[in-house]
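Residues per chain are reported as follows:
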Amino acid sequence: MKDLTQGSIARHLVALALPIAIGMLFQTLYVLVDLYFVARLGDAAIAGVATAGNLQFIIMGLTQVLGVGAMALIARAVGAKNPADANLVFNQSLLLAALFAAVTLVGGYAFAGSYARALGADAETAALGTTYLYWFLPGLALQFALIAMGSALRGTGLAKPGMIVQVATVVLNAILAPVLIAGWGTGKPLGIAGAGVATSLAIAVGVVMMIVYFARLEKYVGVDGALLKPDFATWKRILKIGVPPGGEFALMFLFLALVYLIIRPFGPAAQAGFGVGSRVMQAIFLPAMAVAFAVAPLAGQNAGARLLPRVRETFDKAALIGSAIMAVLTLFCHWRPDLLVGFFTQDAEVVRIGSEFLRIISWNFVAQGLIFTCAGMFQALGHTLPPLYCTATRVSVFACVAYWLSTRPGFELHEVWYVSVATVTLQAILIITLLLRDIGRRTRETTATAAA
């Protein structure tokens, strides 16, 4: 356990964000490694993995329900010097992880084919997407255990163990992907199925590594058989904080599904270009997301200790650091986005579409970084509904405008990207306003209580 209620805020932010960023980068490489080797199978394979990978937003939503709720409660318990409550929350999060994993497997295998056919630009894309999902689902289910354990460690102020596990699993995935997809060394290529198998095996190894760490090294929280019985009051506490962030990812799933449907008439090349571009964009977001992930335990411990001036300072420093990073990345995407897209495919049309997407969408990078930081602050404060309201507003406005544009004669792809930029800016303005009001209200209440 690391006490974050004392010492330099900026130093704590950097110390937490660096291993988180490294871990998230390697986790993103799961998809990028698969995409690199799958790209050698053609546009339909790229589009199939991209559309199937969109389902990951549903799983990420469920992992956010679990991870954010547990992390926030554990961080606040650490700040309040209450290890018993931290341990109770951790063990209950493991039970929820098992439940969510079962739901993922049952629902995934039941609806994978229907989902791929609904979004695929043609029959080949749908078939390849279904194959990939069938082999990728075990890895998605195992993510819940990995997130539950990693979130508990972040809540106690430790980010390095999770980073080490993520790096190890991505290295394993990078080794397995060419062996299973292309048949390197075996002469038996599995194609797109190999991409799913490689990722699932790598995640399984990561779960084993994390279990070993908790069994041998972790002292503040750990598995306790007496606490592994459903405690619905604790489940309610976890879900109250975690469901709104999970809802945000569900909305992003709907957002991306709508985009794929709108661009479907443009064919597999358009879906492949957007798929590659959006995956690159997710990798670009990693530094800002790492800062936001560092904000949550840092501000959470200080909120639990009722040190609100340090909570506000955490936001100020994180917003400044995140905005500076995203401004630099914006300039790069305006300069040579083709370098990023061209790394995964040599298809001229796919590169053109993906590059145009990145060049336009990069206008919202700074705003998106501020949104991530504000969301991390709300998680720390245990008040996660405002980010959900803001995301719902953005997705609703985007859906209405983008769909209307798609029905007009002469509709072009770039119109969708400009609408996305405008709605992200709107979301950033809303969430910053709500956060500053919330911090101000809590500060006034704390001051009034101290004076009384």
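The paragraphs below set out a description of the structure included in this document.

Cut-off values and rules
- Residues numbered from 1 in each chain as written.
- Predicted model: local features only at pLDDT ≥ 70, side-chain atom pairs only at ≥ 80, totals over all residues.
- Heavy atoms only, no water.
- Helix = DSSP H or I, 4+ residues; strand = E, 2+ residues; numbered from the N terminus.
- Rg over C-alpha atoms; globule rule 2.2 N^0.38 Å.
- Buried < 20%, exposed > 50% of the residue type's maximum accessible area, 1.4 Å probe, protein only.
- Contact = heavy atoms within 4.5 Å.
- Areas by Shrake-Rupley, 256 points an atom, 1.4 Å probe, with all protein chains shown as cover.
- Lys, Arg positive; Asp, Glu negative; His and termini not counted.
- Charge placed at Lys NZ, Arg CZ, Asp CG, Glu CD.
- Expected span 1.5 Å × (residues − 1).
- Core = buried A, V, L, I, M, F, W, Y, C linked by side-chain atoms within 4.5 Å.
- Phe/Tyr/Trp six-rings, centres within 6.5 Å; stacked < 30°, edge-to-face > 60°.
- Lys NZ or Arg CZ within 6 Å of the ring centre and 35° of its normal.
- Salt bridge = Lys/Arg side-chain N within 4 Å of Asp/Glu carboxyl O.
- Axes fitted to C-alpha atoms, helices over the stretch in contact; angles between N-to-C directions.
- Parallel < 35°, antiparallel > 145°, perpendicular 65-115°, else oblique.
- Left-handed = near helix turned anticlockwise from the far one by under 90°.
- Nonpolar A, V, L, I, M, F, W, Y, C, P; charged D, E, K, R; others polar.

This part is about the overall build of the protein. When you go through the protein residue by residue, the secondary structure sums to 16 helices and zero strands. Computed over C-alpha atoms, the radius of gyration of the protein comes to 22 Å, within 12% of the 22 Å expected from 2.2 N^0.38 for 452 residues, which places it in the range of a compact globule. Along the longest, intermediate and shortest principal axes, the C-alpha atoms of the protein span 65 × 45 × 35 Å. Taking all 452 residues of the protein together, the buried fraction comes to 57%. A sequence separation of at least 24 residues applies to 85% of the contacts in the protein between residues at least 6 apart. For the protein, the exposed area adds up to about 18000 Å²; of that, 70% sits on carbon and sulfur atoms. Between the centroid of the 30 positive side chains of the protein and the centroid of its 20 negative side chains there is a distance of 9 Å.

A word on helix α11 (residues 308-335). Helix length check: α11 (28 residues) gives 41 Å between terminal C-alpha atoms against 40 Å at 1.5 Å per residue, within 8%. Taken together, the buried positions of α11 are L308, R310, V311, T314, F315, A318, A319, G322, S323, M326, T330 and C333.

A few words now on the nonpolar core. Grouped together as the largest cluster of nonpolar side chains are 47 residues, with contacts concentrated most on F90 and F214. Listed by contribution, the elements that provide at least two residues to this core are α1 (9-38), α2 (43-53), α3 (56-79), α4 (83-119), α5 (123-155), α6 (160-182), α7 (192-216) and α8 (232-263). Examining the composition of this core, we find that eleven residues originate from one element, α5, more than from any other. With 40 residues, the next largest nonpolar core counts Y260, F365, W417 and V419 among its residues.

Counted under the stated rule, the structure contains 14 aromatic pairs. Seen from their ring centres, F90 and F214 are 5.0 Å apart, and the 5° between their planes marks the pair as stacked. Remark: F214 occurs in helix α7 and F90 occurs in helix α4; sequence separation between them is 124 residues. Where Y213 meets F214, the ring centres are 6.1 Å apart and the plane angle is 85°; that geometry is what we call edge-to-face. The same class applies to Y213 as to F214, namely buried. Here the aromatic residues F90, Y213 and F214 are joined through ring pairs into a cluster of three or more. Residue placement shows R394 over the ring face of F255; its charged tip is 4.6 Å from the ring centre.

Another point: the side chain of E415. As for its position among the elements, E415 is in helix α16 (residues 413-451). In this structure E415 is buried but unpaired, with R408 as the nearest side chain of opposite charge at 4.7 Å. Excluding residues within four positions of it along the chain, E415 makes contact with L405 and G410.

Turning our eyes to something else, we now look at the pattern of salt bridges. In total, this model carries seven salt bridges according to the counting rule given. R336 is the salt-bridge partner of D338, the closest N and O atoms lying 2.8 Å from each other. The shortest N-O distance in the salt bridge between E349 and R352 comes to 2.8 Å. One end of the pair is E349 and the other is R352, both in helix α13 (residues 348-361) and three residues apart, which spans about a single turn. The exposure class of E349 is partly exposed, given its relative accessible area of 35%. Assessed through its relative accessible area of 43%, R352 is described here as partly exposed. Connected via shared salt-bridge partners are D438, R441 and R442.

On to the environment of A148. Mapping A148 onto the fold places it in helix α5. A relative accessible area of 1% means that A148 is categorised as buried. Considered as a pair, A148 and F315 are 167 residues apart in the sequence and their alpha carbons are 25 Å apart. In this structure A148 touches L66, F90, S93, L94 and A97, once residues within four positions along its chain are discounted.

Attention now moves to the packing of helix α10 (residues 286-304) against helix α14 (residues 365-381). Between α10 and α14, the shortest axis-to-axis distance is 7 Å and the interhelical angle comes to 25°. Of the possible angle classes, the one that applies to α10 and α14 is roughly parallel. α10 and α14 meet at a crossing whose hand is right-handed. From α10, A288, M289, A292, V295, A296, A299, G300 and A303 reach across to α14, where they touch G369, F372, T373, G376, M377, Q379, A380 and L381. When the residues that make up the contact of α10 with α14 are grouped by side-chain class, the tally is eleven nonpolar, five polar and no charged.

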